[in-house]
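Chain by chain, the residues run as shown.
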Amino acid sequence: METDSILIRHARIVDPSRKLDRVGDLLLGSGEITAAGRLGPDRIPEGCRVIDGAGLVASPGFIDLHCHLREPGFEYKETIAAGSKAAAKGGFTTICAMPNTDPPVDNAAVVEFIQKRARQDSLVRILPIGCVSKGRKGHELAEMEELASAGVVAFSDDGDPVYDANLMRLALIYSSDLGLPIINHCQELSLSCNGVMAEGPVATHLGLDGIPAAAEETMIARDIALAEATGGRLHVAHLSTAGSVPLVRDAKARGLSVTAEVCPHHLTSTDQWVLGRKGEPTTAAGGLAYDTSTKVYPPLRAQRDVEALVQALADGVIDCVATDHAPHDVTSKQVTYQDAAFGISVLETALGSLLQLVHAKKLSMGAMVDRLTTGPARVLGESYSDLASLQPGTAADIVLFDPEREWTVDTSEFESKGRNTPLEGTTLKGRVVATFAGGSLIYQSPELKFEEPHVNA
Ligand code: NCD
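Residues numbered from 1 in each chain as written. Predicted model: local features only at pLDDT ≥ 70, side-chain atom pairs only at ≥ 80, totals over all residues. Heavy atoms only, no water.

Trainee: Can you help me understand the packing of aromatic side chains in this one?
Mentor: The relative placement of two aromatic rings is captured by the distance of their centres and the angle of their planes. Under the counting rule described, the total for this entry stands at 5 aromatic pairs. Centroid distance Phe62 to Phe92: 5.6 Å. Interplanar angle 70°. Geometry classified as edge-to-face. You can see Phe62 sitting in strand 6 (residues 62-67) and its partner Phe92 sitting in strand 7 (residues 92-97), a full 30 residues away along the chain. Its relative accessible area of 1% is what places Phe92 among the buried residues. Each ring, one from Tyr297 and one from Phe342, has its centre 6.1 Å from the other, and the planes form 80°; the classification is edge-to-face. (Phe/Tyr/Trp six-rings, centres within 6.5 Å; stacked < 30°, edge-to-face > 60°. Helix = DSSP H or I, 4+ residues; strand = E, 2+ residues; numbered from the N terminus. Buried < 20%, exposed > 50% of the residue type's maximum accessible area, 1.4 Å probe, protein only.)

Trainee: Is there a simple way to think about unusual backbone geometry in this case?
Mentor: It is generally the case that most residues other than glycine have a negative phi and that most peptide bonds are trans. The residue after Asp102, namely Pro103, is reached through a cis peptide bond having omega 0°. In this fold, Pro103 is placed in the loop between strand 7 and helix 2 (108-121). A cis geometry characterises the amide bond from Tyr297 onward to Pro298, with omega recorded as -10°. By secondary structure assignment, the location of Pro298 is in the loop between strand 15 (288-290) and helix 10 (303-315).

Trainee: Where do I start with the side chain of Asp305 in this structure?
Mentor: Take Asp305: it is sitting in helix 10. Looking at Asp305, its side chain comes within polar contact range of the main-chain nitrogen of Ala242, at 2.8 Å. Contacts of Asp305, omitting those with residues within four sequence positions, involve Ser240, Thr241 and Ala242. (Polar contact = N/O pair within 3.5 Å; in protein donor to acceptor, adjacent residues only side chain to side chain. Contact = heavy atoms within 4.5 Å.)

Trainee: Looking at this structure, how should I read the domain arrangement of the chain?
Mentor: The accessible area lost on association of the parts is a frequent measure of interface size. Under the domain assignment used here, the chain contains domain 1 (6-57 + 397-451) and domain 2 (61-386). Listed as interface residues are 36 residues of domain 1 and, on the opposing side, 49 residues of domain 2. Of the roughly 3200 Å² buried between domain 1 and domain 2, counting both surfaces, carbon and sulfur atoms make up 63%. Applying the counting criterion to the domain 1 and domain 2 interface returns 1 salt bridge. Residue Arg125 pairs with Asp397 through a salt bridge whose shortest N-O separation is 2.9 Å. For the interface between domain 1 and domain 2, the tally reads 17 residue pairs in polar contact (both at pLDDT 80 or more). Those elements that place two or more of their residues in the side of domain 1 that touches domain 2 are strand 1 (5-15), strand 17 (398-408), strand 18 (427-437) and strand 19 (440-444). (Domains from an automatic or database assignment. Buried area = accessible area lost by both parts, 1.4 Å probe. Salt bridge = Lys/Arg side-chain N within 4 Å of Asp/Glu carboxyl O.)

Trainee: Could you clarify how one ought to interpret helix 7 (residues 214-230) in this entry?
Mentor: Compared with an ideal rise of 1.5 Å per residue, which puts 17 residues at 24 Å, helix 7 spans 24 Å between its outermost C-alpha atoms and is within 8% of the ideal. Residues of helix 7 that are buried include every one of Ala215, Glu216, Glu217, Met219, Ile220, Arg222, Asp223, Ile224, Leu226, Ala227 and Thr230, and no others. Positive backbone phi, at 75°, marks Gly231, one or two positions downstream of helix 7. (Expected span 1.5 Å × (residues − 1).)

Trainee: I tried to follow the site of the ligand on my own but got confused; where do I start?
Mentor: Close to the ligand lie 14 residues; Arg70, Asn100, Tyr297, Asp324 and Gly343 are nearest. Within the backbone of Tyr297, a nitrogen or oxygen atom sits 2.8 Å from an oxygen atom of the ligand. The separation between a nitrogen atom of the ligand and a polar main-chain atom of Phe342 is 3.1 Å. For the ligand, whose free accessible area comes to 310 Å², the fraction covered by protein is 94%. Among the residues making up the shell around the ligand, the classes are represented as 4 nonpolar, 7 polar and 3 charged. (Near = heavy atom within 4 Å. Areas by Shrake-Rupley, 256 points an atom, 1.4 Å probe, with all protein chains shown as cover. Nonpolar A, V, L, I, M, F, W, Y, C, P; charged D, E, K, R; others polar.)

Trainee: Would you take a moment to explain the nonpolar core for this structure?
Mentor: Side chains that are nonpolar tend, in soluble globular proteins, to be buried together. Residues Ile126, Leu239, Leu267, Met368 and Phe401 are the most contacted members of the largest nonpolar core, which totals 89 residues. Ranked by residues supplied to this core, first place goes to helix 11 (residues 350-359) with 6 residues. In this structure, this core is formed jointly by two domains, domain 1 (6-57 + 397-451) and domain 2 (61-386), each of which donates at least three residues. (Core = buried A, V, L, I, M, F, W, Y, C linked by side-chain atoms within 4.5 Å.)

Below, the structure is given as structure tokens:
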């Protein structure tokens with residue numbers, strides 16, 4: 001629906017780009033935010049549609065630096081159309097698509113295909129990420145300059161690490177010339193081996209191969225050393241261990257161009273979840289129960305890791321939350337834990353999960369919104385700062401959410417094709433009520449209330 005003129009009245013406006021957190025109004029027109037603050041009747045156009053924002057938070061649309069849209073090649077897991085609807089429902093208005101597609105995004109033609117599909121099918125802004133290496137094989141650099149000219153916003157071989165240290169070094173050298181980050185999936189393969197979950201008592205109990213924390217930390221340490229040696233832009237994907245936090249903190253303290261992200265599941269769940277949250281295993285082997293929807297890379301870890309990550313997010317050592325939305329088809333998950341695909345479908349539950357931290361007073365509302373808006377925008381670079389702002393004159397990319405609304409996750413209602421989440425059946429508190437992209441209402445929940453159109457006295 002085109003919303004030429006819409007007034008959101010009496011919402012709690014949280015705009016970290018301007019350090020703003022107060023009740024007020026937002027006026028949208030011609031795709032932009034035209035006014036913000038307490039607006040007198042004389043500033044409101046005749047016939048303007050009015051939304052009652054009382055009790056709701058209005059913030060810039062969320063930005064996701066890391067999601068898997070699976071197109072081209074794996075449309076049975078997700079499509080750009082379905083992923084974009086899931087994003088809109090989750091409050092995201094800009095999402096960055098990882099290049100582990102088939103073919104992978106290692107040349108301009110694939111970037112152009114994604115951009116074309118996004119123009120045709122997507123409700124939200126999709127920013128493609130290009131491969132670091134040709135074919136994601138890790139041997140030879142992709143044509144990074146060609147990819148940058150085609151419009152990628154970062155480089156990554158996500159799903160696999162850039163394993164060869166010299167290739168990573170070269171990628172970082174190019175990244176500083178191109179001004180785009182290298183996002184590395186940190187996994188030292190000689191340590192993770194055949195691991196399928198976090199090393200620890202639960203893995204031992206289940207007899208599953210564990211992935212030690214050092215598999216992540218050694219590669220982060222390597223990458224930081226290479227970023228220091230080259231002056232390149234390093235963004236660490238999906239941090240999951242307590243030990244990764246001081247590595248990032250120290251790199252930042254030394255003034256290196258290093259940023260990091262964390263996923264909602266690593267902030268809110270542990271390896272205990274592998275045993276099956278509801279005690280109803282989806283798969284059982286040898287009398288032992290496990291839930292394959294918890295299988296994700298990096299793996300869910302221990303409570304002390306969760307606590308360290310939450311603290312680092314609150315402190316700003318971790319710059320942003322990224323979903324790592326990794327949708328899979330049913331058959332990729334209805335197998336043994338060993339054989340199941342890694343990944344969780346996250347776009348539609350991210351906000352509800354993160355608000356748990358806000359309700360528990362471990363993260364302020366302002367910090368949560370910052371890590372979903374200004375945080376990721378900063379990683380993308382200065383030219384993206386308007387995407388994370390409610391400043392009049394910027395595009396009306398807005399999410400309106402009710403932080404108190406309880407709802408139960410029912411994956412049959414997901415817009416994403418990926419129903420793979422351990423949160424199925426869980427009650428979360430906090431839900432998106434409306435999402436606007438460029439002033440268009442791209443998602444609305446049944447709770448969205450329109451008042452009578454505005455009439456000037
Ligand atoms: C991702 C996927 O499915 O593409 N899976 C995941 O568990 N995060 C790739 C990856 O990061 O391993």
